[in-house]
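Chains, contacts and geometry: an overview
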Amino acid sequence: PPARLRVIDEFIAGDASAPTPRGAKDPQAPVVLEVRALAKSFWLRRGLFGKREFQAVRDVSFALRRGHTLGVVGESGSGKTTLGLTLLRLLEPSGGAVLLGGKVGGIIPFGGLSPFVTGGIEAGYVFPWMNRAFAAALDVDYTAPKSDGSQDDARLIPTGKYEWKLTEQQLAIMPVVMYRFTSLGKLVPYAGIGPRILMLRSTVKGSAGDKTISETTEQSTKVGVGVPIGVEYALGPGALLGELLLQYGGLDHTATGDTNTGALNIFLGYRFLL
């Protein structure tokens, strides 16, 4: 007769004579799903302003290898369905998580510079409070928008003018606090705010006819503000993200005049939640 799996009653009774399935599972098969300290809590309203935490899933860890089967056994209300929904990311886990991400996109300056590509990385932590609603991170990004033009100058003979090219290199470091709207399942809108520390380097090159004007460079560090607004879509061990970042800060280099670093940054990227 064909082999079958043992039933629970046979395990409880210690029946060693029960038939076992043919073919041993490979204990070294690659892991296809690993869960570490998974938790899921629901917050229940208590009175007018109070809240009480109900832990539906707490500290669940396991590794499932390819070709293996994992059974989750428990009485009604023990959290089996909540565990499954959380694994599918139909519910967001409640435990804290390390946040690591990368993003690329473009910057549209408001001060006369041309749009340019930009890229950045981020690292931080998603706190377990209020269904992972709060996160803090450190963002680092870099861009180098440019501008060019010409200027009349009667002293320059025979052209009477000179041409210039400006490159504004910007390395930005931004500690940011974010609020994540985690009640929508896989789709998580978020918004944040933080100081934006801009390390600026203005480089100007010029020419008059066939003559080259000496290159000039000026550096400074300015502190402004950044406001990221975006949305995550849960996928794999983290989430795809799209983000708009509004930034503003002062800029008063000799080459740029008294202006600002105001800009709209548009990012696409991926954010790991580990």
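Our structure is the block above this text.
It should be emphasised that the depicted structure is a prediction, and the values quoted were computed from it without experimental measurement. (Residues numbered from 1 in each chain as written. Predicted model: local features only at pLDDT ≥ 70, side-chain atom pairs only at ≥ 80, totals over all residues. Heavy atoms only, no water.)

1. Comments concerning the overall build of the chain
Heads up, the condition is: Secondary structure elements are taken from DSSP: a helix is a run of H or I of four residues or more, a strand is a run of E of two residues or more, and numbering for both begins at the N terminus. Relative accessible area decides the class of each residue, using a 1.4 Å probe on protein chains only: under 20% of the type maximum gives buried, over 50% gives exposed, and in between gives partly exposed. It only takes one pair of heavy atoms within 4.5 Å for two residues to be counted as in contact. In short, Shrake-Rupley with a 1.4 Å probe defines the accessible areas, and a residue's cover is counted only from the protein chains shown.
Across its full length, the chain carries three helices and 13 strands. For the chain, with 274 residues in total, the buried portion stands at 32%. Put simply, 59% of the contacts in the chain that link residues at least 6 apart link residues at least 24 apart. Only carbon and sulfur atoms are counted for the fraction: they give 61% of the accessible area of the chain, which is about 16500 Å².

2. With respect to the pattern of salt bridges
Stated formally: For this document, the term salt bridge refers to a Lys or Arg side-chain nitrogen within 4 Å of an Asp or Glu carboxyl oxygen.
Counted by the stated rule, this structure contains ten salt bridges. Taking the shortest distance from any N to any O, the salt bridge between Asp 252 and Lys 222 comes out at 3.0 Å. With a gap of 30 residues between them, Asp 252 in the loop between strand E11 (250-251) and strand E12 (259-260) and Lys 222 in strand E9 (residues 211-235) connect regions that are remote in the sequence. Note on Asp 252: relative accessible area 44%, which makes it partly exposed. Ionic contacts of the salt-bridge type, sharing partners, join the residues Lys 103, Glu 122, Asp 139, Arg 180, Glu 232, Glu 243 and Arg 271 into one network.

3. Some words on the packing of aromatic side chains
Note the threshold: Pairing of aromatic side chains requires ring centres within 6.5 Å, counting the rings of Phe and Tyr and the six-membered ring of Trp. Pairs whose planes differ by under 30 degrees are stacked, by over 60 edge-to-face, and all others tilted. In our convention, an over-ring charge means Lys NZ or Arg CZ found within 6 Å of a ring centre and within 35 degrees of that ring's normal.
Taken as a whole and judged by the stated rule, the model has four aromatic pairs. Taken together, a centroid distance of 5.1 Å and an interplanar angle of 75° make the contact between Phe 134 and Tyr 179 edge-to-face. With a gap of 45 residues between them, Phe 134 in strand E5 (residues 134-143) and Tyr 179 in strand E7 (residues 161-180) connect regions that are remote in the sequence. For the ring pair Tyr 179 and Phe 181, a centre distance of 4.9 Å and an interplane angle of 80° mean the geometry is edge-to-face. Taking the relative accessible area as the measure of exposure, Phe 181 reaches 41% and is therefore partly exposed. Ring pairing ties together the aromatic residues Phe 134, Tyr 179 and Phe 181, which thus form one cluster. Positioned over the ring face of Phe 42 is Lys 40, at 5.1 Å from the centre of the ring. The ring of Tyr 190 has Arg 271 sitting right over it, with the charged end atom 4.7 Å from the ring centre.

4. Some remarks on helix H2 (residues 80-87)
Where we set the bar: This arc is taken over the directions from the axis of the helix to the C-beta atoms.
Within H2, burial applies to Thr 82, Leu 83 and Thr 86. All buried residues of H2 project into a common sector of 105° when viewed along the axis, lining one side. A positive backbone phi angle near 65° is found at Arg 89, which sits one or two residues after H2.

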